Amino acid sequence: MSAIDVSIIIPTYHEAPNLRELLPRIVSILKQAGLAGQILVVDDDSRDGTDEVCAELATQHPIELLIRTEERGLSSAVVHGMQHAGGELLLVMDADLSHPPEKIPELIEALKSTDADFVIGSRYVEGGEVDKNWGLFRWLNSKVSTLLAWPLTSAKDPMAGFFAIRRERFESATFLDPVGYKIGLELMVKCGCKKVAEVPITFQDRLHGESKLTLREQLNYLRHLYRLYEYRLGVLARPLQFLMVGCSGIVIDLAFFTLLMRVLSFDPARAVAIWLAMSWNFCLNRRLTFSHARGENPFRQYVLFCLSCLVGALVNLSVSSGLFRYVEFFTDAELLAAVCGIVAGTTFNYVLSDRLVFRVTKPK
Ligand code: GDD
Ligand code: MN
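Now for a quick tour of the structure. (Residues numbered from 1 in each chain as written. Chains lettered and ligands numbered in written order. Predicted model: local features only at pLDDT ≥ 70, side-chain atom pairs only at ≥ 80, totals over all residues. Heavy atoms only, no water.)

## Some points on the overall build of the protein
Here comes step 1: Secondary structure assignment for the protein yields 13 helices and seven strands.
Here comes step 2: For 364 residues, the compact-globule formula gives about 21 Å, and the C-alpha radius of gyration of the protein, at 27 Å, lies well above that figure.
Here comes step 3: Projecting the C-alpha coordinates of the protein onto the three principal axes gives extents of approximately 85 × 45 × 40 Å.
Here comes step 4: By residue count, 44% of the 364 residues in the protein fall in the buried class.
Here comes step 5: Put simply, 76% of the contacts in the protein that link residues at least 6 apart link residues at least 24 apart.
Here comes step 6: Of the accessible surface of the protein, which amounts to about 19700 Å², a share of 62% is contributed by carbon and sulfur atoms.
Here comes step 7: Placing the 38 positive and 41 negative side-chain charges of the protein at their respective mean positions leaves the two points 7 Å apart. (Helix = DSSP H or I, 4+ residues; strand = E, 2+ residues; numbered from the N terminus. Rg over C-alpha atoms; globule rule 2.2 N^0.38 Å. Buried < 20%, exposed > 50% of the residue type's maximum accessible area, 1.4 Å probe, protein only. Contact = heavy atoms within 4.5 Å. Areas by Shrake-Rupley, 256 points an atom, 1.4 Å probe, with all protein chains shown as cover. Lys, Arg positive; Asp, Glu negative; His and termini not counted. Charge placed at Lys NZ, Arg CZ, Asp CG, Glu CD.)

Given below as structure tokens:
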């Protein structure tokens, strides 16, 4: 058993004035609650006096400052802090006083006394609130981000940066790969946290300075979500992406066909639309579905992809017409025969793409 009950991890970037106020408050709250705590400030070389504030307080309190000079980023700072933490329980919070330190004991208690494996200081459960100054845009932004993560977690506020987890559970994650701000979401998914408890909090706008949440971070969130879905889907991720790309190809095909019919006759319009859709599918599959093979020669891949589409089409045609002609059941069910052809053709196309077109030949 560790002598430290809880390690409080605070990622910071230019937060010296906020830390001066926050740290003593945390210390006294921990004392009142009878918790043996350790505070880890993970700063990305702000050089704004953070080191002085921490050094001053560290003479009397269990405060440790970890400065990173080689790396930047909220999520990786949190992971860094967690890896250095000595406590049984790990709690993460912002430095800007957005997260009420008074709620720390409640979060810890929920983790200790229930079977929850992740506890969130939540704005979106009964009793929780966001800052009154939040405009519609900020609120919508937060809600849409939350909605996009809904299939990944049942939590009402998975975007929160105020949360607690057992160290054991954190260490069980095999592969953490956070891009952006949503480290809590990353941990819930990758540490397999099934039971999430949420303690209501009022989220205050930051005391000093400005939020570091930029448009770039928002785009990072989309990348992050994409990776989390891939992770969650496991072996199904590739075939599902392939299917979705195929569906988008149908839209491209029909859209261009409609346009081209204004200037061309049926056959050439069909041919050009099919070729455009096939090229579209190639680009998306290369970029997304089989992104691991992006280092390979694209021309070779493109030619092979077109050939594999041709083979898929031939399989499609032979299966459907074979069924229609030789299997009695299908003589009255042409559409069903066509569907079987599509399934067989698509499967063939996928297998060829996976095994041949986007095979990785170069060693890494
Ligand atoms: N070490 C380090 N490195 N810390 C950082 C960095 C960085 O690159 N960027 C931000 N931080 C620290 C800030 O100093 C602050 O303590 C905390 O991370 C949150 O940053 P803010 O800039 O205050 O972010 P926010 O208020 O927009 O976002 C907060 O709310 C979101 C939900 O609305 C954070 O809690 C997010 O995690 C949360 O998703
Ligand atoms: Mn903030």
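## Concerning the packing of aromatic side chains
The geometry of an aromatic ring pair comes down to the distance between the two centres and the angle between the two planes.
Here comes step 1: Scanning the entire structure with this criterion turns up twelve aromatic pairs.
Here comes step 2: Centroid distance phenylalanine 282 to phenylalanine 358: 5.9 Å. Interplanar angle 20 degrees. Geometry classified as stacked. Taken together, the positions of phenylalanine 282 in helix α10 (residues 266–289) and phenylalanine 358 in the segment after α13 (334–357) put the pair 76 residues apart, joining distant regions of the chain. Assigned by exposure class, phenylalanine 282 and phenylalanine 358 land together as buried.
Here comes step 3: With a centroid separation of 4.7 Å and 10 degrees between ring planes, the pair formed by phenylalanine 290 and phenylalanine 358 is classed as stacked. On the criterion of sequence distance, the pair formed by phenylalanine 290 in the loop between α10 and α11 (298–326) and phenylalanine 358 in the segment after α13 is long-range, its members being 68 residues apart.
Here comes step 4: Overall, the relative accessible area of 1% leaves phenylalanine 358 in the buried class.
Here comes step 5: Members of the aromatic cluster, connected to one another through ring pairs, are Phe242, Phe282, Phe290, Tyr302, Phe305, Tyr350 and Phe358. (Phe/Tyr/Trp six-rings, centres within 6.5 Å; stacked < 30°, edge-to-face > 60°.)

## Topic: the site of ligand 1
Here comes step 1: Taken together, 24 residues lie near ligand 1, and Glu15, Asp94, Met159, Ser211 and Lys212 sit nearest.
Here comes step 2: Tyrosine 13 is positioned such that a nitrogen or oxygen atom in its backbone is 3.0 Å from an oxygen atom of ligand 1.
Here comes step 3: Here an oxygen atom of ligand 1 and a side-chain polar atom of arginine 72 are 2.9 Å apart.
Here comes step 4: The protein chains hide 97% of the 740 Å² of surface that ligand 1 would expose on its own.
Here comes step 5: When contributions to the shell around ligand 1 are tallied by element, the ones reaching two or more residues are β1 (6–12) and α3 (74–84).
Here comes step 6: The class makeup of the residues in the shell around ligand 1 is ten nonpolar, five polar and nine charged. (Near = heavy atom within 4 Å. Polar contact = N/O pair within 3.5 Å; in protein donor to acceptor, adjacent residues only side chain to side chain. Nonpolar A, V, L, I, M, F, W, Y, C, P; charged D, E, K, R; others polar.)

## Concerning the packing of helix α7 (residues 183–190) against helix α8 (residues 215–233)
Here comes step 1: At their nearest, the axes of α7 and α8 sit 11 Å apart, and the two run at 5 degrees to each other. Judged on the interaxial angle alone, α8 and α7 are roughly parallel. Contacts from Leu185, Glu186, Val189 and Lys190 in α7 reach Tyr221, His224, Leu225, Leu228, Tyr231 and Arg232 in α8.
Here comes step 2: Here the residues of the contact of α7 with α8 are counted per class, giving six nonpolar, one polar and three charged. (Axes fitted to C-alpha atoms, helices over the stretch in contact; angles between N-to-C directions. Parallel < 35°, antiparallel > 145°, perpendicular 65-115°, else oblique.)

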